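Descriptive analysis of the structure
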Amino acid sequence: MLIWPNLPINRDKFAQNDQLLTITAANWLDYQHFDSAEYPGYRVSYFKGEITIVSPGRNHERIAAYCEKYGLPDFPFGQTRLNAWGQAGREPDLAYAFDRDKDLPDLVVEVIISSGDLETLKSSYKNIGIGELWIWKDNAMTFYALADDNYAVVATSEILTRIKSELLVQYVNRGLTESPLVIKQDFLKVI
């Protein structure tokens, strides 16, 4: 257990969907010993001596609908820890491999509710070797594709070539007030 029960943490406040806890002066071994099963529903990451624990927000998945429509085999990673040994570790909100099951996902989706360092997030996934990264922040979706050892913003997914970031935003926002079934049907009509 990395976080001891007697620490003065307001667990009720930490359980809300925009909380972040950072542990500094940590090393890779500390991260490896962190048992995320003790903190179900939280995402844990490591980068440059910091372990970060985030209670993620609600995700609205449209990727599966795309794969279904175009017959693209998709392999969701679920709550998985992705590592670049000794350098970076992350537990993404969503992660997928396409065409066949792989050791690393082709696409990672991260939701940033109120806090989080975008450059650290991108650097971590670059070190891990993720080819495409989608980041939802401030009611906007930004797609990044890894090229020349850096992430570049792209308007259209390089993996799911019929999805544009601005199109996806419309359907994610609708998820706050409308039925997922209606949204999925509408989404399938436009992709």
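Please read these numbers as outputs of a predicted model, since none were measured by experiment. (Residues numbered from 1 in each chain as written. Predicted model: local features only at pLDDT ≥ 70, side-chain atom pairs only at ≥ 80, totals over all residues. Heavy atoms only, no water.)

**With respect to the sheet that holds strand β8 (residues 107–112)**
Keep this limit in mind: Two strands form a pair only when DSSP identifies at least two bridges running between them. Secondary structure counts use DSSP, requiring at least four H or I residues in a row for a helix and at least two E residues in a row for a strand, with both numbered from the N terminus. Here the axes come from fitting lines to C-alpha atoms, over the contacting stretch only for helices, and the angles between their N-to-C directions go from 0 to 180 degrees.
Reading across the sheet, the six strands line up as β4-β7-β8-β9-β10-β11 and stay open at both edges, with mixed pairing between neighbours. Looking along the sheet, the strands with just one partner apiece sit at the ends: β4 (74–76) and β11 (150–154). Here the average twist between neighbouring strands, direction ignored, is 25°. Here six bridges tie strand β9 (residues 132–137) to strand β10 (residues 140–147), and the two strands are oriented antiparallel to one another.

**Brief notes about the packing of helix α5 (residues 165–174) against helix α6 (residues 180–190)**
The criterion, for reference: Any angle that is under 35 degrees is reported as roughly parallel, and any over 145 degrees as roughly antiparallel; angles of 65 to 115 degrees are reported as roughly perpendicular and all others as oblique. In this analysis, two residues are considered to be in contact whenever any of their non-hydrogen atoms come within 4.5 Å of each other. Note on residue categories: nonpolar means Ala, Val, Leu, Ile, Met, Phe, Trp, Tyr, Cys or Pro, charged means Asp, Glu, Lys or Arg, and polar means any other residue, Gly included.
Remark: α5 packs on α6, axes separated minimally by 10 Å, with the N-to-C direction vectors making an angle of 170°. Between α5 and α6, the interaxial angle falls into the category roughly antiparallel. Residue-level contacts link L167, L168, Y171 and R174 of α5 to V182, I183, D186, F187 and V190 of α6. Of the residues in the contact of α5 with α6, the class split is seven nonpolar, no polar and two charged.

**A short note on the pattern of salt bridges**
Counted only if it meets this: Any Lys or Arg side-chain nitrogen located within 4 Å of an Asp or Glu carboxyl oxygen qualifies as a salt bridge. Burial classification: accessible surface area is computed with a 1.4 Å probe over protein chains only, and a residue below 20% of its type maximum counts as buried, one above 50% as exposed, and the rest as partly exposed.
Evaluated as defined, the whole model comprises five salt bridges. Two residues, K102 and D106, come together in a salt bridge whose shortest N-O distance is 2.7 Å. Classification of K102 as partly exposed rests on a relative accessible area of 22%. Measuring nitrogen to oxygen at the nearest pair gives 3.8 Å for the salt bridge that ties D186 to K189.

**Here's the deal with unusual backbone geometry**
With phi around 50°, K48 is a residue other than glycine that occupies positive phi space. In this fold, K48 is placed in the loop between β2 (43–47) and β3 (50–54). Despite not being glycine, D99 shows a phi value in the positive range, around 75°. Its location among the elements puts D99 in the loop between β7 (94–98) and β8. Here D99 falls in the exposed class, since its relative accessible area comes to 56%.

**Examining the pairing of β3**
A regular strand places its side chains on the two faces of the sheet in alternate fashion. Relative to β3, β2 runs antiparallel, the two sharing five bridges. Bridge assignment links V44 to a residue of β3, and that residue is I53. Between β2 and β3, which pair antiparallel one after the other, the connecting turn spans two residues, and K48 there sits at a positive phi close to 50°.

**Structural notes on the pairing of β8**
Judged by how many residues are buried, β8 sits mostly within the fold: six of six residues are covered. Residues L107, V109 and V111 of β8 are buried on one face, and the alternating residues V108, E110 and I112, pointing to the opposite face, are buried as well. Direction of pairing for β7 relative to β8: antiparallel, over a ladder of three bridges. When the bridges of β8 are listed, Y96 appears paired with L107. Sheet analysis places β8 next to β9, joined by six bridges and oriented parallel.

**Concerning the environment of D138**
In this structure, D138 sits in the loop between β9 and β10. Judged by relative accessible area, which is 61%, D138 ranks as exposed. It is 7.9 Å that separates the C-alpha atoms of D138 and I112, two residues lying 26 residues apart in sequence.

**Side note on the nonpolar core**
Selection rule: Among buried residues, the Ala, Val, Leu, Ile, Met, Phe, Trp, Tyr and Cys ones that are joined through side-chain atoms within 4.5 Å form a nonpolar core.
Of all hydrophobic cores here, the largest spans 27 residues; its most connected members are I63, F98, W134, L160, I163 and L168. Top contributing element to this core by residue count: α5, with five residues. For I63, the residues in contact, after removing those within four places along its chain, are Y96, F98, L107, V109, W134 and L160. Within the second largest apolar cluster, 17 residues are counted, among which are A84, V108, L121 and Y144.

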